[in-house]
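Notes for the structure review
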Amino acid sequence: IPAPQINILRPARVGKGQAQAQVLLLGDTHAGRLTSSYNPAVFKSRLENLFHNLTVIQKLQTRQHPLETLYIFGMGDTIQGENVGQQMDLDELALPLYDQVYNLWVPAMVSFLISLLQVYQKVHYVGVKGNHGKTGKPVSSRSTNWDIVAQKSLASTLAKYPDIDFEIEPVSFYKLVDILGWRFMLTHGDIIRMNYTLPYYGLDRKSARWAHEFGHIDAFCFGHFHSPARWEPWGVPLLVNGTFVTDDEYAIGTIGTSGKPRQVTFGVCRDRPITWYYELDLDRKGEA
């Protein structure tokens, strides 16, 4: 029997690659929400863990390519709101609305964003609104949303920091963002209908139609559903972010699961809209 020929494959030599940008999907923080395992203190703890996990990824990726710019996609539901009897029960409200915005979410986010300037040269915050910021009144303008107030307040507070800038969409349910020549669409996702307690069919159909309506989209980013996911049902990536909240009884009763405390981050380069992808665990503090 002749000896088989062995073809030794040599691993490629990897040097410093081309510069990339990093994207963080940040949403469904529900600051001011109260469950058996979630409250304002847990929100701040998980935001701190998010900072450590995010910057660990940045340090690891920087070993392979320059990574100096961070895009934060604010996906909505930043605060819990105050629609008792519609979106929550009274005992799920930890703080009044004013305190949710000005004594919890905005101060915590100010510290979070300024701290990020230690590792990123530029931070771009792009925000859309969610459904929990609605006033609950049947007659109101589309821009009447506490998510918009919170994000605009954050932008005003950080106006003297030139390395942090903001694009906040006050009216439309979506925002189109260009990063290194790639086109991203972000929307909270509350207008997507679920089928059999799952959003996948609705996300598939709506994203395909939006691509026809708005022109070519390279990736879609959603929040609202509290469970991170990534798939390409028709060839274009659909990314769904996680949440900060755990033990959400409404979610458990409606879809059978309360979601995971996760936030999604990924890389973008000039050759590909998504180069790498991570789901960051907010209950763990990353270490390089």
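Please refer to the structure placed before this passage.
Structure report, in brief. Every chain begins its residue count from 1, and numbering advances along the sequence as written. In keeping with the predicted nature of the model, local features appear solely for residues at pLDDT of at least 70, side-chain atom pairs appear and are counted solely at 80 or more, and the whole-chain, interface and lining totals rest on all residues. The basis for every side-chain value is the complete set of non-hydrogen atoms in the structure, without hydrogens or water.

**With respect to the overall build of the chain**
Numbering of helices and strands starts at the N terminus; helices are DSSP runs of H or I of at least 4 residues and strands are runs of E of at least 2. The helix and strand inventory of the chain stands at five helices and 11 strands. Principal axes of the C-alpha set define a box for the chain whose edges measure 80 × 45 × 40 Å. Categorising residues by exposure relies on relative accessible area from a 1.4 Å probe, with only protein chains included: less than 20% of the type maximum marks a residue as buried, more than 50% marks it as exposed, and the intermediate range marks it as partly exposed. Taken over 288 residues, the chain has a buried fraction of 50%. For accessible areas, the Shrake-Rupley method is used with a probe of radius 1.4 Å. Any residue's cover is judged against the shown protein chains and nothing else. Per element, the accessible surface of the chain, about 14300 Å² overall, is 51% carbon and sulfur. Positive charges come from Lys and Arg, negative ones from Asp and Glu, while His and the chain ends are left out of the count. Just so you know, the charge point we use is NZ for Lys, CZ for Arg, CG for Asp and CD for Glu. Each charge class in the chain can be summarised by its mean position, and for the 28 positive and 28 negative side chains these summaries are 7 Å apart.

**A few points about the side chain of Gln22**
Mapped onto the elements, Gln22 comes out in strand β1 (residues 20-26). When its relative accessible area of 0% is taken as the criterion, Gln22 is described as buried. Polar contact criterion, stated in full: a pair of N or O atoms within 3.5 Å, where within protein one must be able to donate a hydrogen and the other to accept it, and residues adjacent in sequence count only if both atoms are side-chain atoms. A distance of 3.0 Å separates the side chain of Gln22 from the side chain of Thr265, its partner in a polar contact.

**Quick look at the pairing of β1**
Buried residues dominate β1, accounting for seven of its seven residues. Burial of the side chains of β1 extends over both faces: Gln20, Gln22, Leu24 and Leu26 are buried on one face and Ala21, Val23 and Leu25 on the other. Where β1 meets strand β2 (residues 67-74), seven bridges bridge the pair, whose relative direction is parallel. Bridge pairing links Ala21 to Thr69 in β2. Crossovers are described as right-handed under a simple rule: with the strands pointing away from the observer, the path leading from the first strand over the helix to the second runs clockwise. Taken together, β1, helix α1 (residues 40-62) and β2 constitute a β-α-β crossover, and its handedness is right-handed. Examined bridge by bridge, β1 and strand β10 (residues 262-268) share four bridges and lie antiparallel to one another. Residue pairing across strands places Val23 opposite Phe266, the latter belonging to β10. In this description, strands pair whenever DSSP reports at least two bridges between them.

**Concerning the side chain of Thr55**
Looking at where Thr55 falls in the secondary structure, it is placed in helix α1. For Thr55, a relative accessible area of 7% translates into the label buried. One polar contact links the side chain of Thr55 to the main-chain carbonyl oxygen of His52, over a distance of 3.1 Å. Here Thr55 is in contact with Leu116 and Val119, once residues within four sequence places are set aside. Whether two residues touch is decided by their heavy atoms; if any such pair falls within 4.5 Å, the residues are in contact.

**Description of the pattern of salt bridges**
Any carboxyl oxygen of Asp or Glu that lies within 4 Å of a side-chain nitrogen of Lys or Arg is treated as forming a salt bridge with it. With the rule as written, the count across this model stands at five salt bridges. For Asp283, the salt bridge goes to Arg46, with nearest N and O atoms at 2.9 Å. Taken together, the residues span a long stretch of sequence, with Asp283 in the segment after β11 (277-281) and Arg46 in helix α1 at a distance of 237 residues. Given a relative accessible area of 5%, Arg46 falls into the buried group. In this structure, the salt-bridge partner of Asp281 is Arg262, at a minimum N-O distance of 3.2 Å. Separated by 19 residues along the polypeptide, Asp281 in strand β11 and Arg262 in strand β10 bring together distant segments of the chain. The partly exposed category is assigned to Asp281, whose relative accessible area is 22%.

**Details of the environment of Val264**
As for its placement among the helices and strands, Val264 is situated in strand β10. Taking the C-alpha atoms as reference points, Val264 and Glu279, separated by 15 residues in sequence, lie 4.6 Å from one another. Setting aside residues up to four positions removed in sequence, Val264 forms contacts with Val23, Leu24, Leu25, Pro228, Val240, Asn241, Tyr277, Tyr278 and Glu279.

**Considering the packing of α1 against helix α2 (residues 97-116)**
Packing of α1 against α2 brings their axes to within 11 Å, and their N-to-C directions diverge by 15°. Relative to α2, the element α1 lies roughly parallel. The hand of the α1/α2 crossing is right-handed. Facing α1, whose interface residues are Pro40, Phe43, Lys44, Leu47, Leu50, Phe51, Leu54 and Thr55, α2 presents Leu104, Trp105, Ala108, Met109, Phe112, Ser115 and Leu116. Only Asp, Glu, Lys and Arg are considered charged, only Ala, Val, Leu, Ile, Met, Phe, Trp, Tyr, Cys and Pro nonpolar, and every remaining residue, Gly among them, polar. The residue makeup of the contact of α1 with α2, split by class, is 12 nonpolar, two polar and one charged. Lines fitted to C-alpha atoms define the axes, with helix axes restricted to the stretch in contact, and inter-axis angles between N-to-C directions lie between 0 and 180 degrees. Note on angle classes: values under 35 degrees are labelled roughly parallel, values over 145 roughly antiparallel, values of 65 to 115 roughly perpendicular, and the remainder oblique. In this scheme the handedness of a crossing depends on how the near helix is turned from the far one: anticlockwise by less than a right angle means left-handed, clockwise means right-handed.

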